[in-house]
Amino acid sequence: MGRLKYTIKQDDLIAAHRYVQNKLSTVKGWPVADKEEALEDFFKSPKSAKALNSWCEQWLNGSQWKKLKNSILAARKRKRDSNGQSPKHIVLSYHAWKILSALAQNKQLTMSEFLIRQHEDDWERLLVEMSSGTVPQKSKMSRE
C-alpha cells in the first residue's frame, strides 16, 4: 500500500501480531483495502517478523503503521517498566477511568505513571511510618 513505515523486530512479533489480529477482528474497515483478502493473507502468512512486515507494507496505510508502531513501543515500555513483575489489573468505574484517563493524558503520562507521580511521596511516608510503628491501625468500622 505504501512504503515501509516501521520495521517490526522479532522481539516485537508477539505484540505486533496481537495488535494486528485484534484490529482485524474488531475494527470495521481495518485495513482500508479488501478486509477479507487481508484476513486470509494474514492468517496464511508465517509467524515471523519478516512476514508480518511484508503483510503490513501491503495492507496498512501510514496512519495504521503509526498506530502499530505506537502499540509496539507501548508494549516495550510496559515490559521495561515491569521490572520482571507482571502488571496488576484493577477494575475502575467508568467515571473513575474517565477522570484518571483525562488527567494522565493531560500530563502526557500513562495512567500508571500519573498515579505514581501523584502518590509516590505519600506511599514512601506511609512505609516509613509503618516500619517505625507510628501508623495507627484503622478499624473496619472507621470506613462506614
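In the block above lies the structure referred to throughout.
To start, this report covers the structure provided alongside it. Predicted model, so just to flag it, every value in this text is computed and none were measured.

**Structural notes on the overall build of the chain**
- If you tally the helices and strands in the chain, you get six helices and zero strands.
- Along the chain, helices and strands appear, N-terminal first, in the series α-α-α-α-α-α.
- Taking all 144 residues of the chain together, 24% fall into the buried category.
- Restricting the contact set of the chain to residue pairs at least 6 apart, pairs at least 24 apart contribute 59%.
- As displayed, the chain has an accessible area near 11,300 Å², and 54% of this comes from carbon and sulfur atoms.

**A closer look at helix H5 (residues 94–106)**
- Here H5 spans 18 Å end to end across 13 residues, near enough to the 18 Å set by a 1.5 Å rise per residue.
- Restricting attention to buried positions, one finds in H5 the residues Leu100, Ser101 and Ala104. The buried side chains of H5 occupy one side of the element, clustering within an arc of 100° when seen end-on. Across from the buried face of H5, at angles greater than 90 degrees, the exposed residues are Tyr94, His95 and Asn106.
- A positive backbone phi angle near 55° is found at Gln108, which sits one or two residues after H5.

**Re the packing of helix H1 (residues 13–26) against helix H3 (residues 49–59)**
- Two numbers describe how H1 lies on H3: the axes approach to 10 Å, and their chain directions differ by 35°. The chirality of how H1 crosses H3 is left-handed. Within the contact between the two elements, H1 uses Leu13, Ala16, His17, Val20 and Leu24 and H3 uses Ala49, Leu52, Trp55 and Cys56.
- Partitioned by chemical class, the residues of the contact of H1 with H3 number eight nonpolar, one polar and no charged.

**What about the pattern of salt bridges?**
- The final tally for this structure, using the stated rule, is four salt bridges.
- Residues Arg76 and Asp12 are paired through a salt bridge, measuring 2.5 Å at the closest nitrogen-oxygen approach. Of this pair, Arg76 sits in helix H4 (residues 62–81) while Asp12 sits in the segment before H1, and the two are 64 residues apart along the sequence.
- Exposure remark for Arg76: the relative accessible area of 29% places this residue in the partly exposed category.
- The shortest N-O distance in the salt bridge between Lys77 and Glu113 comes to 2.6 Å. Taken together, the residues span a long stretch of sequence, with Lys77 in helix H4 and Glu113 in helix H6 (residues 111–132) at a distance of 36 residues.
- Look at Lys77 and you get partly exposed, because its relative accessible area is 24%.

**What about H6?**
- Taking 1.5 Å as the rise per residue, H6 with 22 residues should run 32 Å; its terminal C-alpha atoms sit 31 Å apart, in good agreement.
- At His119, H6 shows its largest kink, close to 55°.
- Phi turns positive one or two residues past the end of H6, at Gly133, with a value near 80°.

The rules we used
- Per chain, residues are indexed from 1 in the order of the written sequence.
- Only residues with pLDDT of at least 70 are given local features in this predicted model, and only at 80 or more are side-chain atom pairs given and counted; all residues enter the totals for whole chains, interfaces and linings.
- Computation of side-chain values: all heavy atoms of the structure, hydrogens and water removed.
- Each helix is a run of DSSP H or I of at least 4 residues and each strand a run of E of at least 2, with the numbering of both proceeding from the N terminus.
- Accessibility here uses a 1.4 Å probe with only protein chains present; expressed as a share of the type maximum, an area under 20% marks a residue as buried, one over 50% as exposed, and anything in between as partly exposed.
- Here, two residues are considered to be in contact whenever any of their heavy atoms come within 4.5 Å of each other.
- A 1.4 Å probe and the Shrake-Rupley method give the accessible areas. Residues count as covered only by the protein chains that appear here.
- Helix span is expected to be 1.5 Å times the residue number reduced by one.
- What the arc measures is the spread of directions leading from the helix axis to the C-beta atoms.
- Here the axes come from fitting lines to C-alpha atoms, over the contacting stretch only for helices, and the angles between their N-to-C directions go from 0 to 180 degrees.
- Handedness of each helix crossing follows the sense of rotation of the near helix against the far helix: counterclockwise by less than a right angle gives left-handed, clockwise gives right-handed.
- Amino acids outside the nonpolar list (Ala, Val, Leu, Ile, Met, Phe, Trp, Tyr, Cys, Pro) and the charged list (Asp, Glu, Lys, Arg) are all regarded as polar, and Gly is one of them.
- Should a side-chain nitrogen of Lys or Arg be within 4 Å of a carboxyl oxygen of Asp or Glu, the pair is scored as a salt bridge.
- Note that bend, as reported per residue, equals the angle between axes fitted to the 7 residues terminating at that residue and the 7 residues originating from it.

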